[in-house]
Amino acid sequence: MPVPRVADTFKGAVSRVTIGATAEEGGTRTTTVTVGGASNVVYGGDPGKLGEKPVIAVDVPDSAPQDWPEALAGQYKDVFDDPAAWAKKAADEYGADVICLKFDGIHPDKGDLDADHAVKVTRDVLAAVGVPLILWGSGNDAKDNQVMPKVSEAAKGQNCLIGTVTEDNYKSLTAIALADSHKLITEAPLDINIGKQVNILVSDMGYPLANIVTFQSTGALGYGIEYSYSIQERQRLATLGGDKMMAMPSIVDVGNEAWRTREAKSDAPDWGPAEARGPMWEAATAIVLLQSGTDIIRLRHPRAVATVKNFIKEMW
Amino acid sequence: MIAIGERINGMFTDVKQAIAEKDKAVIQDLAKRQTECGASYLDVNVGTAAADQEGAMAWLVETIQETCKTPLCLDSQKPNVIAAGLKAADTSMGILLNSSPLNKKNDAEVLDKFIEMAQSAGPEGKIIALTMDKNGVPQDVDTRVAIAAEIVEKAMGAGFEMHRLFVDPIVLPVKVPDAQQQPTNIIAAIGQIVLLSDPPPHIVVGLSNLSQGAGERSLINRTFLVMAASHGLDAAIVDVLDEQLVDAMATGEMLLNKQLYSDSYLKAYRNA
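Residues numbered from 1 in each chain as written. Chains lettered and ligands numbered in written order. Predicted model: local features only at pLDDT ≥ 70, side-chain atom pairs only at ≥ 80, totals over all residues.

Novice: What's the story with the overall build of chain B in this structure? I'm lost.
Specialist: Looking only at helices and strands, chain B features 10 helices and eight strands. Over its C-alpha atoms chain B spans a radius of gyration of 18 Å, differing by no more than 12% from the 19 Å that the globule rule assigns to 272 residues. In terms of its C-alpha atoms, chain B occupies a principal-axis envelope of roughly 50 × 45 × 40 Å. By residue count, 46% of the 272 residues in chain B fall in the buried class. (Helix = DSSP H or I, 4+ residues; strand = E, 2+ residues; numbered from the N terminus. Rg over C-alpha atoms; globule rule 2.2 N^0.38 Å. Buried ≥ 20, exposed ≤ 12 C-beta atoms within 10 Å, placed from the backbone.)

Here it is, written out as C-alpha cells:
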C-alpha cells in the first residue's frame with residue numbers, strides 16, 4: 001500500500017491591511033505599507049504562506065515626553081520639542097516604515113493638551129514625512145473621545161491606522177474611523193476572549209473586519225512577554241482555523257514596554273552600559289514577539305530599529 | 001462544525017413545486033437564507049418526484065449559482081444524477097458529492113466512481129461515503145467501523161486526502177421499534193472512526209432523519225448533535241434555519257474549545 005497523503009490544510013489566513021494613501025489614492029503619502037496575509041504559523045515551512053513582511057513603526061510623542069530615560073531621550077535630543085522634526089528624523093535617519101504619533105500629551109495627567117494642539121501636530125507630521133501614520137490616543141477614554149475625532153478629521157484621506165478602541169469605549173472612534181476611511185486598532189487587555197469580543201462589537205457597527213489591526217497589549221521581556229506571546233500565537237491559530245473575528249494583523253507596543261523595565265532604564269553600572277542595555281532589551285522583546293506572529297512593531301531606540309529591521313530582512 | 005443546509009430538497013413541498021414550475025425565486029431565496037444562517041454547503045436533492053432527475057439537478061445547480069456562491073452538496077444515490085449536477089456546477093468554491101456506499105450488489109465500483117468524480121472537480125472536490133455496503137445498512141458498531149475502515153483505505157489508495165472524505169455512519173429514525181440503541185451505536189462508531197487515520201476523515205450525519213416522525217424534532221436533533229460532536233462529529237446535514245439548533249451547535253463547539261469564547265460567540269459563529 002502506498003504511503004497515504006496526510007497533508008492537512010488551514011482554512012483561514014490573516015487579512016491584508018494597507019496603511020497610507022498616495023496622491024493617486026487621495027492622500028499625500030509617498031509610500032504605503034501592507035501587512036498581514038500569512039496563511040501558516042510563523043516559520044511554518046512554506047515561504048509562499050508567510051504573507052507580508054512585518055514593519056516597524058517608530059514612536060513620535062505629540063509633546064516632549066517627561067519620563068524617558070537618558071539612554072533613550074538622548075537619541076532625540078535635537079528634536080525633543082518638535083514632533084514634525086522628530087518624525088522626519090525617525091523616517092529619514094532611522095528608517096521607520098511607519099510613524100506612530102502617540103498623543104500622550106492630551107492625557108489629563110500628562111499635560112492635558114487640547115484638540116487644537118493635537119490637530120496641529122497631526123498636520124505638521126503629515127507635512128514633514130511621506131511614510132504612513134498611526135494615530136494613537138492617550139488611553140483616557142473621555143479625552144480621547146473628545147480629541148481623536150478631530151485628529152481623525154485632520155488626517156482624512158491619508159488612510160491612517162487610528163486607535164485604540166476597547167470593549168468599553170469603541171463607539172465614537174469606530175464611527176469616525178468609518179467616516180474618515182481610516183484603519184482601526186482594536187485593543188484588549190491580554191485577554192483573547194475580549195480581543196474577539198471587541199472585534200465583534202466594532203463589526204456590528206458596520207466597520208469592516210478587513211480594516212482592523214488588533215492590539216492584544218504587550219509585555220516586555222521579563223515582564224509578561226509570555227502572555228503576549230501565547231495570545232499572539234492563539235490569535236494566529238484561531239485565524240488559521242477559520243475564525244474570521246480573529247483573522248487580523250496585529251500590532252505590538254515594544255518601545256514603551258521595554259523602556260519601562262528596570263533592565264533598560266536603571267543606572268546600574270554593574271549591569272553593563274545603559275546605552276547598550278536598553279536597545280538590546282527592546283530588540284530582544286521585538287524579536288521574540290515577531291516569532292509569535294505579529295505584523296507591526298512599535299519601537300523607540302534607533303539601534304533597536306536597526307537590529308529588528310535586519311532580523312526581518314534576514315528571516316522573511 | 002461544517003453545516004450543510006438541507007432545505008433544497010425535492011422532499012419538501014415548496015421545493016418540489018418550484019422544480020415542477022421552474023420557479024427560481026423559491027430556490028434562490030432558500031439558498032440565500034441558509035447561507036445567511038451559516039451554511040458551509042447547500043445540499044441539493046431533486047427528490048423523487050421529478051421525472052427527469054438529471055435535468056432537475058442541473059436546473060437547481062444553475063439556479064442556485066446564479067445568485068449564490070456557497071459551495072454545493074450534490075445529493076443523490078444515483079451517480080448519473082450527481083454527474084449531471086457536477087457538469088452544471090461551478091466547483092471553484094468547492095463541492096461535496098453526497099453520497100456513495102462502500103459498494104453495491106450491482107455496482108462494486110461505486111465508491112471509486114465518486115472519488116474519481118470528486119477528483120475531477122478540483123482540489124476542493126469532496127465526497128460523503130456511507131458506512132453501508134452490498135449487505136445494506138449495518139445496525140451494530142463493529143460493522144459500521146469495519147466498513148468505514150475499508151472506505152478510508154480505498155480513499156488513501158486513490159491518493160484522496162482525508163480532508164476530502166466525509167464518512168456518514170447513517171442516522172436512523174429513533175421513533176422506530178427497537179431503534180433506540182442506534183444513537184448510542186452511532187456515537188460509539190464515530191469515536192472509533194476518528195481513530196482510523198491521522199488526520200481523520202470528517203464525520204457527517206443527516207441529522208433530521210433521527211427525529212423523523214417524532215414530536216420535539218428540533219430538541220431531539222440538537223441534543224444528539226451536541227452529544228455526537230463531543231465524540232468527533234464535525235459536519236452535519238441540518239436545518240440551519242433552526243435557530244436553536246445553530247445556537248446549540250455554536251455552544252457545543254465553544255465548550256469543546258473549537259471556537260474562541262467571546263460574549264457574542266453566537267453572533268460570531270453565524271458570521272464565520
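Moving on, there is more to tell.
Novice: Just checking my understanding: could you explain the overall build of chain A for this structure?
Specialist: Along chain A, the regular secondary structure elements total 11 helices and 10 strands. Relative to the 2.2 N^0.38 estimate, which gives 20 Å for 316 residues, the radius of gyration of chain A is 19 Å and therefore close to what a compact globule would have. Its C-alpha atoms give chain A principal-axis dimensions of about 75 × 50 × 35 Å. Counting over 316 residues, chain A shows a buried share of 50%.

Novice: Sorry, what's going on with the sheet that holds strand 3 (residues 55–61) of chain A here?
Specialist: The pairing of strands in a sheet happens through backbone hydrogen bonds and is either parallel or antiparallel. Residues and elements named next belong to chain A. What the eight strands build is an open sheet, ordered 8-7-6-5-4-3-10-9; its pairing is parallel. On the outer flanks of this sheet lie strand 8 (212–215) and strand 9 (251–253), each paired with one strand and no other. Neighbour-to-neighbour, the strand axes of the sheet open up by a mean angle of 25°, direction not taken into account. Pairing of strand 4 (residues 98–102) with strand 5 (residues 133–136), which is carried by four bridges, proceeds in the parallel orientation. (Pairing = 2+ DSSP bridges. Axes fitted to C-alpha atoms, helices over the stretch in contact; angles between N-to-C directions.)

Novice: Teacher, can you tell me more about the pairing of strand 8 of chain A here?
Specialist: Along any regular strand the residues' side chains alternate between the sheet's two faces. Residues and elements named next belong to chain A. On strand 8, burial covers both faces: Ile212 and Thr214 on one face and Val213 and Phe215 on the other are all buried. In this structure, strand 7 (residues 183–187) lies alongside strand 8, joined through four bridges in parallel fashion. The residue bridging Glu187 from the neighbouring strand is Phe215, located in strand 8. This β-α-β element, strand 7 to helix 6 (residues 192–204) to strand 8, shows right-handed connectivity. (Right-handed = clockwise from strand over helix to strand, strands pointing away.)

Novice: Would you explain helix 8 (residues 217–229) of chain B in this entry?
Specialist: Note that an α-helix has 3.6 residues per turn; residues three or four places apart therefore point the same way. All names here are of chain B. For helix 8, built from 13 residues, the straight-helix expectation of 18 Å at 1.5 Å per residue is met to within 8% by its first-to-last C-alpha distance of 18 Å. If you check which residues of helix 8 are buried, you get Ile220, Asn221, Arg222, Phe224, Leu225, Ala228 and Ala229. Looking at the buried positions of helix 8, the neighbouring elements they touch are helix 7 (182–193), strand 7 (202–206), strand 8 (235–238) and helix 9 (243–255). (Expected span 1.5 Å × (residues − 1). Contact = placed C-beta atoms within 7 Å.)

Novice: What exactly am I supposed to notice about the packing of helix 8 of chain B against helix 9 of chain B here?
Specialist: Relative placement of two packed helices is described by the angle separating their axes and the distance separating the axes. Residues and elements named next belong to chain B. Helix 9 packs onto helix 8 with a crossing angle of 15° between their chain directions and a minimal axis gap of 9 Å. In terms of their interaxial angle, helix 8 and helix 9 are classed as roughly parallel. Seen along the crossing, helix 8 lies across helix 9 with a hand that is right-handed. Residues Ser218, Asn221, Arg222, Leu225, Val226 and Ala229 of helix 8 lie in contact with helix 9, whose contacting residues are Gln244, Leu245, Ala248, Met249 and Gly252. Here the residues of the contact of helix 8 with helix 9 are counted per class, giving six nonpolar, four polar and one charged. (Parallel < 35°, antiparallel > 145°, perpendicular 65-115°, else oblique. Left-handed = near helix turned anticlockwise from the far one by under 90°. Nonpolar A, V, L, I, M, F, W, Y, C, P; charged D, E, K, R; others polar.)

Novice: How do you make sense of the sheet that holds strand 7 of chain B when you look at a structure like this?
Specialist: Residues and elements named next belong to chain B. Taken in spatial order, the eight strands close into a barrel running 1-2-3-4-5-6-7-8, and their pairing is parallel. Strand-to-strand twist across the sheet, computed as the mean angle between neighbouring axes with direction ignored, equals 25°. Here strand 6 (residues 165–168) pairs with strand 7 via two bridges, running parallel. Opposite Val167, over in strand 7, you have Ile203 as the bridge partner.

Novice: Quick question: what am I supposed to make of unusual backbone geometry here?
Specialist: Peptide bonds are, in most cases, trans, and in most cases residues other than glycine have a negative phi. A cis geometry characterises the amide bond from Gly163 of chain A onward to Thr164 of chain A, with omega recorded as 0°. For Thr164 of chain A, the location among the structural elements is in strand 6 (residues 161–165). That bond from Asp198 of chain B to Pro199 of chain B is cis: its omega, 0°, falls within 30 degrees of zero. Tracing the backbone shows Pro199 of chain B in the loop between helix 7 and strand 7. Of note, Asn159 of chain A is a non-glycine position whose phi angle comes to about 50°, a positive value. Looking at where Asn159 of chain A falls in the secondary structure, it is placed in the loop between helix 4 (141–154) and strand 6.

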